[in-house]
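# Commentary on secondary and tertiary structure
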Amino acid sequence: MTTYLTDYAHFTNKDDMDQAVKQHISANWNAMNDTDRAVLDMIRCYSVKYGAAHLKHETMEKSIGKSNATIRRAIRKLEKLDIIDRIHFIRPIMSGLGANIYAIKPFHDQGEMNSRDDAPKRDHRADKPSNPEIEPSLSKSINPKDLNITSPTEQFSTTLYGRMRSLLSSTIGETTLARKFFGVYRQQSSQMLKFSIHADKEELFEQLALQALQIALQATKRKKIQNLPGYFSGVLRELIGKALFSDIYQEYDVAVDGFYVPSNQY
């Protein structure tokens, strides 16, 4: 029933996952607090069977004894430190937003990462994207005119655009659609960022864009999608709506028979 979680796993066995967790904690010890480490360990425990965990915030709150805001803050920090992936899960039956899926990422040596960062970067410029037709079965119809980037010479957000290209390259082996996905993200996020109440949520919108892209790419494994940018647009619109205007989660916790806890402490 929960074997779908293996689709999001980065490891094939718990020993490699545990080793990665130890390396992450060692490398980021000063950047993490006790709550961050507790959240990471809970995700690790729930990931023992399938390599990823389907967890409600409420479950983590009760187990760790911290507030919802504190748990969310710890999750965001673990994402920012490149320790975990967080994937919003669309419930297959009710088509609503369910509990998040969390997957621990492999540890990459910082020296290697710095070498990659020092490599010359191409200065990407945003071209005006074509207007993708919206997948009708996913969400309400969206006017294709709304998918235009405000300026054809506006520079891409290098980090998000680069991650989109990387994700496309590693999953479907091509990156030509990255500009369209980025254009959809810019249009939808700018609509929200113009309101002062959402002005500080740019990082959230970038995270939702990556999660929407992951969901769209996962969907291609189950069915043929003729207009992938349109499908992505519908998913992103729903994720943004749920993130900003709803905090309702469905019970999707993974039952684990006997958590694996290493005898040695981190």
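Burial of strand E2 (residues 84–87) is two-sided: the residues Ile84 and Arg86 facing one way and the residues Asp85 and Ile87 facing the other way are all buried. Direction of pairing for E2 relative to strand E3 (residues 100–104): antiparallel, over a ladder of four bridges. Looking across to E3, one finds that Ile87 is bridged to Ile101.

Another point: helix H8 (residues 202–219). With 18 residues, H8 should reach 26 Å at 1.5 Å per residue; the first-to-last C-alpha distance of 26 Å fits that figure. With 15 of 18 residues buried, H8 is to be regarded as a mostly interior element.

Turning next to the nonpolar core. Ranked by internal contacts, the top residues of the largest apolar core, which has 36 residues, are Met164, Tyr185, Leu213, Phe232 and Leu236. Counting only elements with at least two residues in this core, the list comes to E3, helix H6 (158–171), helix H7 (178–193), H8 and helix H9 (228–245). Tallying contributions element by element places H8 first for this core, with 10 residues. When sequence neighbours within four positions are dropped, the list of residues in contact with Phe232 reads Met164, Phe181, Val184, Tyr185, Ala209, Ala212, Leu213 and Ala216. Judged by nonpolar contacts, the second largest core, of 22 residues, contains Val21, Met42, Ile43 and Ala53.

In this fold, Asp36 is placed in helix H2 (residues 34–46). Within the structure, Asp36 has its side chain in polar contact with the side chain of Lys77 (distance 2.8 Å). Once you skip the residues sitting within four places of it in the chain, Asp36 turns out to touch Ala31, Ala74, Lys77 and Leu78.

With that settled, the discussion passes to helix H4 (residues 68–80). The end-to-end C-alpha separation of H4 is 18 Å, in line with the 18 Å expected for 13 residues at 1.5 Å each. Its buried side turned inward, H4 meets H2, helix H3 (57–64), E2, E3 and H8. Directly after H4, the chain includes Asp82, whose backbone phi takes a positive value near 65 degrees.

Averaged over the protein chain, the pLDDT score is 75; the fraction of residues at 70 or greater is 68%. Helix H5 (residues 110–118) is the least confidently modelled element of the protein chain, averaging 51 in pLDDT, while H2 averages 94, the highest of any element. Contacts of residues 121–157 to residues separated by more than four positions or lying in other chains number 72 contacts, the stretch itself having pLDDT below 50.

The antiparallel open sheet is built from three strands, whose spatial order is E1-E3-E2. One side of each edge strand has no neighbouring strand; the edge strands of this open sheet are strand E1 (53–55) and E2. Neighbour-to-neighbour, the strand axes of the sheet open up by a mean angle of 30 degrees, direction not taken into account. Looking at chain direction, E1 and E3 are connected through three bridges and run antiparallel. Looking across to E3, one finds that Leu55 is bridged to Asn100.

How each quantity is defined
Residues numbered from 1 in each chain as written. Predicted model: local features only at pLDDT ≥ 70, side-chain atom pairs only at ≥ 80, totals over all residues. Heavy atoms only, no water. Buried < 20%, exposed > 50% of the residue type's maximum accessible area, 1.4 Å probe, protein only. Helix = DSSP H or I, 4+ residues; strand = E, 2+ residues; numbered from the N terminus. Pairing = 2+ DSSP bridges. Expected span 1.5 Å × (residues − 1). Core = buried A, V, L, I, M, F, W, Y, C linked by side-chain atoms within 4.5 Å. Contact = heavy atoms within 4.5 Å. Polar contact = N/O pair within 3.5 Å; in protein donor to acceptor, adjacent residues only side chain to side chain. pLDDT = per-residue confidence, 0-100. Axes fitted to C-alpha atoms, helices over the stretch in contact; angles between N-to-C directions.

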